[in-house]
There are 2 protein chains.
Amino acid sequence: MSQFDKHAATLDAAIEAVGSRRAWSAYADSPALHPSGPDGQIAGAAAFAAMLGRPAPLTQPGTLVTQTVEVSPYTGESLAIAYPRTDPGDLLARSLAGAQQWSRAAAEVRVGVCLEILERLYLRNFEFQAASVHTTGMSLGMAYTGNGTNALDRGLEALAHAHLAMSRVTPSATWERRFGTDSSTLTKRYSLMPRGVAVAIACASFPAWNTYPALMASLATGNPVIVKPHPSSVIMLAMAVQTCREVIEEAGFDPDLVTLAVDGPEAPIAVALVEDPRCGIVDFTGSPRFGGWLETHLPRTLVFTETAGVNPVVLDSVDDLARVTRTIAGGLCLFSAQMCTSPQNIYLPREGVRTATGQATYDEVVESLLEAIEAIVGAPRRAAALLGAIQADVTERVAARAGSGARLLRRGTAYEHPEYPSARTRKPMVAEVEIDDSGLCDEEQFGPNVFIVPVDDSATGLSRAAGTAKTHGAIASYVYSTDDGFLDAADEAFLDAGANLTANSVGPMPMNFSAAYSDYHVSGLNPAGTATLTDEAFIAGRFRIVQSRRQI
Amino acid sequence: MSQFDKHAATLDAAIEAVGSRRAWSAYADSPALHPSGPDGQIAGAAAFAAMLGRPAPLTQPGTLVTQTVEVSPYTGESLAIAYPRTDPGDLLARSLAGAQQWSRAAAEVRVGVCLEILERLYLRNFEFQAASVHTTGMSLGMAYTGNGTNALDRGLEALAHAHLAMSRVTPSATWERRFGTDSSTLTKRYSLMPRGVAVAIACASFPAWNTYPALMASLATGNPVIVKPHPSSVIMLAMAVQTCREVIEEAGFDPDLVTLAVDGPEAPIAVALVEDPRCGIVDFTGSPRFGGWLETHLPRTLVFTETAGVNPVVLDSVDDLARVTRTIAGGLCLFSAQMCTSPQNIYLPREGVRTATGQATYDEVVESLLEAIEAIVGAPRRAAALLGAIQADVTERVAARAGSGARLLRRGTAYEHPEYPSARTRKPMVAEVEIDDSGLCDEEQFGPNVFIVPVDDSATGLSRAAGTAKTHGAIASYVYSTDDGFLDAADEAFLDAGANLTANSVGPMPMNFSAAYSDYHVSGLNPAGTATLTDEAFIAGRFRIVQSRRQI
């Protein structure tokens, strides 16, 4: 049975889900449902532990260099894993060696290989979980899903779109037409051709969630892929690349169709990779600075970016204030707000907000939010499970800078992690900022940094939040109102801003949860980026159609 | 009945055709089948004649300026039609005035308006025919199809793709999922949002063929469109814009959703239009120089270009030499090779080519081709019907320059037009060029300029032709061989070059005919451009999806 046939039911279900956008998942979020059974987590952790201080298990040639900057946010120690390093030009040449064979294979063969890769990645999910914890700083629970099952679902979603897009191109046709009194008949063949080498540049905190969709979309459409991890968060992607290489080789193709490009902060190689004319596609997740450079300096390359969003919460009115502030506190704490969908600016009317039990004053709302945060961060086990650790030390400097310009309501001090005394942790800093302080309000202050912005009324908050989304970017926006008119106005304002909106989220779903197959992600209409991840525009340009017609 | 319902059968048939890629047309190529009956052509010519020397019939405000550079290639006289001129910034503001209403309308309403526009354009096809003759220089017959029915079919094709792409996005969903022991339910709305003002920049010789697909793709997906004609070929697009405005206004929308941006060569406005941040999409047909500028200077704008191709003919072996050279001569003469698919370089083995009746020497092949050309250009009525006139005087300078560097086999002198003694006409110039003369071989020499390139063998010709296609661009490539192995090798070579190939075309279909719904056009894989016109990649980025979800 072909790999495509083996996984046909999974692909069919994914196709149904991207069409209907109903809730579905191919990879269960609960570790208890993983096929490796109750010992899976222990075995996965052991497998990861065995990688430390050694060359990464990767069948890719290159000069082995120990990655000193890959440091666990929990232990503060370097993982000391060595990775092969290769000159960018050599890596591109290697990528292309097997590219013609790959591009000439039937699309279903490539899709089958990609489906098998996802399956194998899922089977290793406990290993990925352990690796994720000690690179990204996620809590154990979140690592299983955020860099595991949810990322795999996003990858399958992109693969389903790629399969659909390729399937819609008929491979051949016979064409006959009269010209005057005679007629011509031509047989036509339509071939799907790749764009070139795809370079997927990952971020440190969420290496898989954006990389898997890019990898699947590019590989399935015939492009070799070079995965370029962040220097401080390599091992997960090294493991993923190795899995790709194994599946590809088993299927009879060149394993160098997927390679890893490791660099250190002292000598970055991303620019050399993407500026090479052999590179046809770039997928990037990371800073607005480099993302902006990529968007403007590679006009002949297909570039997808996800950079930064200044995600707002607009408060108008609520039924149950405590429930809302609990939900918002959860959103502010989840993975220490190191998520692209984490809220940052909370627009709060000076007159407070209406509730089912009467008006809550401005101060009461603030107090309720601070209490809800304290309920989380004051309980070390709960804090550890929800906040995890801070991936990068630079995030602490962001907090210090952000806090220095604002009226602090709660300091962003560390919390004591119950298991890892050396963990780099941080409670959310909450500050009050005036609406005209655009230096703070209109920029992403990455990490657990929250600004409460007093506004004259909720309409002003809405207008400012939507305006900032349009001009500075937003990946997720939130509004709370019991007034349908206000919600409709919010819909219109965020539609015009080209920003996604979530209304009245009160759990149990985390407010900033983004569901594969159902939630669109980056809209591409505001500065937060162009990597829509989840629609046809993310696929369409990755392959081209070349025609051959013969007269018969 | 809505406009969408009125034209549903046409749209359905177009959808079937873009899927199956079988021969189909919504707009008959034969004037005898036009609904306006036998007097249609006379009435159309009269309607066009009535436009001369007056303000264009266009309900668009602006300062009326007589377009002095719009000169008939047949009479040498200015059409002296006055067009409204508007400051680019004002025009963009005008475009956006009704944009929100248009973007909020149901996709089917927009598609219905677009279908009605195409129908109205078809009803005026005899007027367009007359206008086309006296701007592009096409013969009467070709004007009816090349700037008429075929262009309308390409427009409908793009519209079908736009409709399909939008239809694949479900407008809403209900999403329910368990989190722990509880569950969350959200209703989700997915809105299609336009990219911004679309600017469609047309070329002088084929104003409709590329503009209609761009216009349909952008307008249907919610973007206002500014049509920017070439200063020497305005009236057809002014008429088309006016038709759009009438249909749009009848449907209750702002007619300024489609406007015309006229300039003169003394003060071009294209750069000001496309550099404005309100411009979200550019479709361009024209010179590689400006096309390249657009591709590299507007990184945040969706840019589609069709520039120049160096289209090769590779000769290996033929059944009937005379039939092949007749077909090639037809391709070289058709509209004086002012088509993006016109062949230019003929790679001919020094040993000649095999035929069913034995080897034809190099000189015999050349002689046969020259005779076939002479058979056309030596008969004034046939020449007039096939070659038409030369659109731009610059084309004559190209011929002079190209001819000066090569061994002339036949001069590119004028032929005497039987009806218009002042017509700017030109027989094909045929010259022999060495393969290493890359200045001539590797550039498009626009117009009826043909180079015969002697090669050591057909494999060398194939390799060079495919290499030039890859590095310098080709929109159409041609090969003649009776050897299946050679044809397969040609398929592989042009696949790798990312260039479309036609094998063994011997009529009655003109070799460079490109059929809507069946033939893919620009591949996007070589420097000839990125405007694929006819696939999902031409549509996907023109709209984005914005999500609103509400918890219930």
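Here the structure is a predicted model, which is why all the values come from computation and not from measurement.

Within chain A one finds 19 helices and 19 strands. Scaling as 2.2 N^0.38, a compact globule of 552 residues should have a C-alpha radius of gyration of about 24 Å, and chain A matches this with 24 Å. Each principal axis of the C-alpha atoms in chain A carries an extent, and together these give about 80 × 65 × 45 Å. When the 552 residues of chain A are sorted by exposure, 64% land in the buried category. Of the contacts formed within chain A by residues at least 6 apart in sequence, a portion of 75% connects residues at least 24 apart. Of the roughly 18400 Å² that chain A leaves accessible, carbon and sulfur atoms contribute 53%. Within chain A, the 60 negative side-chain charges are centred at a point lying 8 Å from the centre of the 42 positive side-chain charges.

Let us now look at the environment of Gly330(A). Residue and element names in this part refer to chain A. Inspection of the secondary structure assignment puts glycine 330 in helix α13 (residues 321–333). Residues glycine 330 and alanine 45, 285 residues apart in the sequence, show an inter-C-alpha distance of 28 Å. Residue contacts for glycine 330: discarding those within four places in its chain leaves Ile376 and Leu386.

As a further point, take unusual backbone geometry. Residue and element names in this part refer to chain A. In this structure, proline 508 follows glycine 507 across a cis peptide bond, with omega equal to 5 degrees. When you line up the elements, proline 508 lands in the loop between β18 (501–503) and β19 (543–551). Phi angles above zero are rare outside glycine, and serine 336 is one such case at about 50 degrees. Here serine 336 shows up in the loop between α13 and β11 (345–349).

Between chain A and chain B, the superposition needs a rotation of 180 degrees and an axial shift of 0.0 Å, giving an RMSD of 0.0 Å. Taken together, the rotation and translation describe the operation of a two-fold axis. Closest approach to the rotation axis within chain A is made by the C-alpha atom of Pro299(A), at a distance of 2.9 Å. The residues that chain A uses at the interface reappear at the interface of chain B in 100% of cases, marking a shared surface.

What follows is about the interface of chain A and chain B. Each partner contributes to the interface: chain A provides 79 residues, whereas chain B provides 79 residues. Summed over both partners, the interface of chain A with chain B buries about 6700 Å², with 49% contributed by carbon and sulfur atoms. At the boundary of chain A and chain B, one finds 20 salt bridges. At 10 residues, strand β4 (residues 182–194) of chain A tops the list of elements feeding residues into the side of chain A that touches chain B. In terms of residue class, the side of chain A that touches chain B is made up of 30 nonpolar, 25 polar and 24 charged. With three bridges connecting them, β18(A) and strand β19 (residues 543–551) of chain B associate as parallel partners.

In the structure shown here, the tally under the stated rule is 58 salt bridges over all chains. Two residues, Arg550(A) and Asp491(B), come together in a salt bridge whose shortest N-O distance is 3.0 Å. One end of the pair, Arg550(A), is in strand β19; the other, Asp491(B), is in helix α19 (residues 484–497), on a second chain. Each member of the pair, Arg550(A) as well as Asp491(B), carries the same accessibility label: buried. For the salt bridge of Asp263(B) with Lys228(B), the shortest nitrogen-to-oxygen distance reads 3.0 Å. You can see Asp263(B) sitting in the loop between β7 (258–260) and α11 (270–275) and its partner Lys228(B) sitting in strand β6 (residues 225–228), a full 35 residues away along the chain. The residues Asp263(B) and Lys228(B) share a single accessibility class, namely buried. Salt bridges sharing common partners tie together Lys6(A), Glu116(A), Arg120(A) and Glu250(A).

In this section: a negative patch on the surface. Residue and element names in this part refer to chain A. On the surface, Asp363, Glu364, Glu367 and Glu371 cluster together into a patch of negative charge. When you line up the elements, aspartate 363 lands in helix α14 (residues 362–377). For aspartate 363, a relative accessible area of 57% translates into the label exposed.

A few words now on the side chain of Glu432(B). Residue and element names in this part refer to chain B. You can see glutamate 432 is positioned in strand β15 (residues 429–432). You can call glutamate 432 buried: its relative accessible area is 14%. One polar contact links glutamate 432 to tyrosine 362, side chain to side chain, over a distance of 2.5 Å. Each residue touching glutamate 432, except ones within four places of it in the same chain, is listed here: Tyr362, Ala406, Arg407, Leu409, Ile452 and Pro454.

Moving on: the packing of helix α6 (residues 107–123) of chain B against helix α8 (residues 140–167) of chain B. Relative orientation and spacing of two packed helices are given, respectively, by the angle between their axes and the distance between those axes. Residue and element names in this part refer to chain B. The interhelical angle for the contact between α6 and α8, taken along N-to-C directions, is 170 degrees, at an axis separation of 10 Å. If you check the angle between α6 and α8, you find them roughly antiparallel. Here Ala107, Glu108, Arg110, Val111, Cys114, Leu115, Leu118, Leu121 and Tyr122 of α6 lie close against α8, whose contacting residues are Tyr144, Thr149, Leu152, Gly155, Leu156, Leu159, His163 and Met166.

Moving on to the pairing of strand β9 (residues 302–306) of chain A. All names here are of chain A. The element β9 is extensively covered by neighbouring structure, given that five of its five residues are classed as buried. Taking every second residue as pointing to the same face, both faces of β9 are buried, with Leu302, Phe304 and Glu306 on one and Val303 and Thr305 on the other. Pairing analysis gives five bridges linking strand β8 (residues 279–285) to β9, with the strands arranged parallel. Counterpart to threonine 285 in the pairing with β9 is glutamate 306. Traced from β8 through helix α12 (residues 288–297) to β9, the parallel crossover comes out right-handed.

If you trace the 10 strands from one edge of the open sheet to the other, you get β3(A)-β4(A)-β19(A)-β18(B)-β17(B)-β10(B)-β11(B)-β16(B)-β15(B)-β14(B), paired in mixed fashion. Looking at which strands have only one partner, the edges of the open sheet turn out to be β3 (172–179) of chain A together with β14 (407–410) of chain B. Taken pair by pair, the neighbouring strands of this sheet meet at an average axis angle of 25 degrees, ignoring direction. As defined by bridge partners, β4(A) adjoins β19(A) across nine bridges and the pair is classed as antiparallel. Bridging across to β19(A), Arg189(A) finds its partner in Ser548(A). In this fold helix α14 (residues 362–377) of chain B packs onto β10 (312–315), β11 (345–349), β14, β15 and β16 (449–455) of chain B, with an angle of close to 50 degrees to the strand it touches most, β14(B). Packed on one face of the sheet, α19(B) meets β4 and β19 of chain A together with β10, β17 (477–480) and β18 (501–503) of chain B and runs near 155 degrees to β19(A).

All names here are of chain A. Taken in spatial order, the five strands make up an open sheet running β7-β6-β5-β8-β9, and their pairing is parallel. In this open sheet, the two edge strands, each paired with only one partner strand, are β7 (258–260) and β9. Neighbour-to-neighbour, the strand axes of this sheet turn through a mean angle of 15 degrees, independent of strand direction. As paired elements, strand β6 (residues 225–228) and β7 share three bridges and run parallel to each other. Within β7, the position partnered with valine 227 by the bridge is leucine 260. Of the strands in this sheet, β6 and β7 are in contact with helix α10 (residues 235–250), which crosses β7 at around 155 degrees.

Residues and elements named next belong to chain A. Axis separation between helix α7 (residues 125–136) and helix α8 (residues 140–167) bottoms out at 8 Å; the angle between their running directions is 110 degrees. It follows from the interaxial angle that α7 and α8 lie roughly perpendicular. Packed against α7, whose contacting residues are Asn125, Phe126, Gln129, Ser132, Val133 and Thr136, the element α8 presents Leu140, Gly141, Ala143, Tyr144, Asn147, Gly148 and Thr149 at the interface. By residue class, the composition of the contact of α7 with α8 is five nonpolar, eight polar and no charged.

It is worth spelling out helix α3 (residues 40–49) of chain B at this point. Residues and elements named next belong to chain B. Among all positions of α3, only Gly40, Gly44 and Phe48 are buried. Looking down the long axis of α3, one finds its buried residues gathered within 70 degrees of arc, a one-sided arrangement. The inward-facing, buried residues of α3 abut α7 (125–136) and α10 (235–250).

What follows deals with the packing of aromatic side chains. For the structure on display, the rule yields 26 aromatic pairs over all chains. One aromatic cluster is present, formed by Trp175(A), Phe179(A) and Phe513(B) through successive ring pairs. When the ring centre of Phe179(A) is taken as origin, the NZ or CZ atom of Arg177(A), which lies over that ring, is 4.2 Å away. Over the face of the ring belonging to Tyr190(A) we find Arg21(B), whose NZ or CZ atom lies 5.4 Å from the ring centre.

Parameters and conventions
- Residues numbered from 1 in each chain as written.
- Chains lettered and ligands numbered in written order.
- Predicted model: local features only at pLDDT ≥ 70, side-chain atom pairs only at ≥ 80, totals over all residues.
- Heavy atoms only, no water.
- Helix = DSSP H or I, 4+ residues; strand = E, 2+ residues; numbered from the N terminus.
- Rg over C-alpha atoms; globule rule 2.2 N^0.38 Å.
- Buried < 20%, exposed > 50% of the residue type's maximum accessible area, 1.4 Å probe, protein only.
- Contact = heavy atoms within 4.5 Å.
- Areas by Shrake-Rupley, 256 points an atom, 1.4 Å probe, with all protein chains shown as cover.
- Lys, Arg positive; Asp, Glu negative; His and termini not counted.
- Charge placed at Lys NZ, Arg CZ, Asp CG, Glu CD.
- Least-squares fit on C-alpha atoms with pLDDT ≥ 70 in both.
- Buried area = accessible area lost by both parts, 1.4 Å probe.
- Salt bridge = Lys/Arg side-chain N within 4 Å of Asp/Glu carboxyl O.
- Nonpolar A, V, L, I, M, F, W, Y, C, P; charged D, E, K, R; others polar.
- Pairing = 2+ DSSP bridges.
- Patch = residues over 30% accessible without salt bridge, like charges linked within 9 Å, V, L, I, M, F, W, Y side chains within 5 Å.
- Polar contact = N/O pair within 3.5 Å; in protein donor to acceptor, adjacent residues only side chain to side chain.
- Axes fitted to C-alpha atoms, helices over the stretch in contact; angles between N-to-C directions.
- Parallel < 35°, antiparallel > 145°, perpendicular 65-115°, else oblique.
- Right-handed = clockwise from strand over helix to strand, strands pointing away.
- Arc of directions from axis to C-beta.
- Phe/Tyr/Trp six-rings, centres within 6.5 Å; stacked < 30°, edge-to-face > 60°.
- Lys NZ or Arg CZ within 6 Å of the ring centre and 35° of its normal.

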